[in-house]
Amino acid sequence: MSERILIRNGTVLTLDDADTVHFGGDVLIEGDRIVAVGPTGSFAGAGGATGAGGAEAPVTVLDATDKLVMPGLVDLHYHTAIAKGYSDHLPLWEYLDTCWYPIIRALDPEAAYWAALASYAESIKGGVTTVNDMYRQLEALSKAASEIGIRAVLSNDVADAEHNLDTLEDNHRAYTACHGAADGRVEVYIGIEWLPIASRELLRDTRALADQLGTGIHIHLNESLSEVENSKSRFGLRPTEVAYETGILGRDTIAAHCVWLSDTEIALMRETNTQISHNPSSNAKLGNGIARLPEMLAAGLNVGLGHDAAECNNSRDMFEVMKFASLMHRASRVDSSLGQAPDVVRMATRNGAAALGHQTGQLVAGHKADVILVDLNNTMFTPRRANDVAHLYSHLVYSANGSCVDTTIIDGRVVMAGRELTLVDEDLILRESNKAFARVLARVEDASTELAIPPTPSAAA
């Protein structure tokens, strides 16, 4: 008989199609699925749970008094990170050349494993239950995701061979080795780093491989003005136009950033039903600009949220990303009607889940049991009017941060309780991650004399 969890007497924010909220509600989980959601006390049986044929099933009861019960957050554009706070004062192209690429070229499987555990630990503690992670050493990342309990969609950093990153062959091997691991919690997509280090042939081959494997694509597009100018110089087209021409765009594609989309490119995204990850805090920190989110939403695009990478964000806190996603557009458009709190919360939950084709992002019967409990007995939620949904949403987006998350449940398993990770040793992760960074950084410092790495092409190349 499957393990059952009854979350009892919480404020339940379902994010279902009717936007149902139960002020005093229960959520019943069996195995990896939600089986019932309703007012407190509405489920029959011992402890509120009855097994098949009416037999009572063992149940673990979680008291959610003074807690908000809601879907876990989906971080739709994510990079495992080993070097948070290192060389973070640079614009995108210089940052990539002097920090990001040297570090991921020097990465070994052990360092990637500890970096992934540290990254996923921070995410889980901030209420994230799914990450869409583009990085390297995917077998190490898959192992980390399996052990810590997170739901992870992984993809390689694929570029043309002369750039010494990953190849489509690497990504194919990772798919074979990792896709479907951890009882299906780990999936593998095909990843393209970005167009400045990708040829048309690579892009076409990427679509062919994704279709062959029946999997998705994860790509950076239109992140910076320099990328747009590089694309126009090399291809005679803007980045999204090249992606369209080569077949990259589609329902199964996550296009990250999309800061500098033209009207034509927005129309191409709509035509192909391509999924968008909006990463406002990373875009701001790197000085890349502000995406045309109002136009994307008006065109009917599905837009989720991502933090990007801790090297170019310094925080994996998706509550912080939600706040940026609202405030940046209000400020730049001088329009306080934009980025309303309920819409932003849906971007961080339902929209991200829909982009990945996952049955998560809502608390409804039949969906995967990815659930978080948020502590409402907290200054971040004070004052709080009783039974006031608008006040609750406001606090979630404009007041809260990840430290308010008390419990994280992924695939029906409690992976954090009382802010303590339950499946891994957090102190060990912190120690080993620091050691891994030191080893990789030493390797990077030696690489200038040991490695002959072609430079990333300039915007004018």
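The sections below set out a description of the structure shown in this document. (Residues numbered from 1 in each chain as written. Predicted model: local features only at pLDDT ≥ 70, side-chain atom pairs only at ≥ 80, totals over all residues. Heavy atoms only, no water.)

## Notes on the overall build of the protein
Check the secondary structure of the protein and you find 14 helices and 19 strands. Computed over C-alpha atoms, the radius of gyration of the protein comes to 22 Å, within 12% of the 23 Å expected from 2.2 N^0.38 for 461 residues, which places it in the range of a compact globule. Considering the protein as a whole, with its 461 residues, one finds that 59% of them fall into the buried category. Residue pairs in contact within the protein that sit at least 24 positions apart in sequence constitute 72% of those at least 6 positions apart. Element-wise, carbon and sulfur atoms account for 50% of the exposed surface of the protein, whose accessible area totals about 16,500 Å². (Helix = DSSP H or I, 4+ residues; strand = E, 2+ residues; numbered from the N terminus. Rg over C-alpha atoms; globule rule 2.2 N^0.38 Å. Buried < 20%, exposed > 50% of the residue type's maximum accessible area, 1.4 Å probe, protein only. Contact = heavy atoms within 4.5 Å. Areas by Shrake-Rupley, 256 points an atom, 1.4 Å probe, with all protein chains shown as cover.)

## Overview of the sheet that holds strand E11 (residues 217–221)
Remark on secondary structure: sheet strands pair via backbone hydrogen bonds, oriented parallel or antiparallel. An order of E10-E11-E12-E13-E14 is seen for the 5 strands of this open sheet, with the pairing classed as parallel. Here the strands that pair on one side only, and so sit at the sheet edges, are strand E10 (190–192) and strand E14 (303–305). The sheet shows a mean angle of 25 degrees between the axes of neighbouring strands, direction not considered. Helix-sheet contacts for helix H11 (residues 318–333) involve strand E13 (275–278) and E14, and the interaxial angle to E14 is about 130 degrees. (Pairing = 2+ DSSP bridges. Axes fitted to C-alpha atoms, helices over the stretch in contact; angles between N-to-C directions.)

## As for the nonpolar core
Core analysis: the largest hydrophobic core is formed by 119 residues, its most contacted members being Ile-82 and Tyr-120. The element contributing the most residues to this core is helix H2 (residues 109–125), with 10 residues. Those residues within four positions of Tyr-120 in sequence are excluded, and the remaining contacts are Tyr-78, Thr-80, Val-131, Asp-133, Leu-141, Ala-144, Ala-145, Ile-148, Ile-150 and Leu-154. (Core = buried A, V, L, I, M, F, W, Y, C linked by side-chain atoms within 4.5 Å.)

## Overview of unusual backbone geometry
A cis geometry characterises the amide bond from Thr-382 onward to Pro-383, with omega recorded as 0 degrees. Residue position: Pro-383 is located in the loop between strand E16 (371–375) and helix H13 (389–399). For Leu-15, which is not glycine, the phi torsion reads 55 degrees and is therefore positive. Note that Leu-15 resides in the loop between strand E1 (4–13) and strand E2 (21–30). Although it is not a glycine, Asp-411 adopts a positive phi angle of roughly 60 degrees. Overall, Asp-411 belongs to the buried group, its relative accessible area being 13%.

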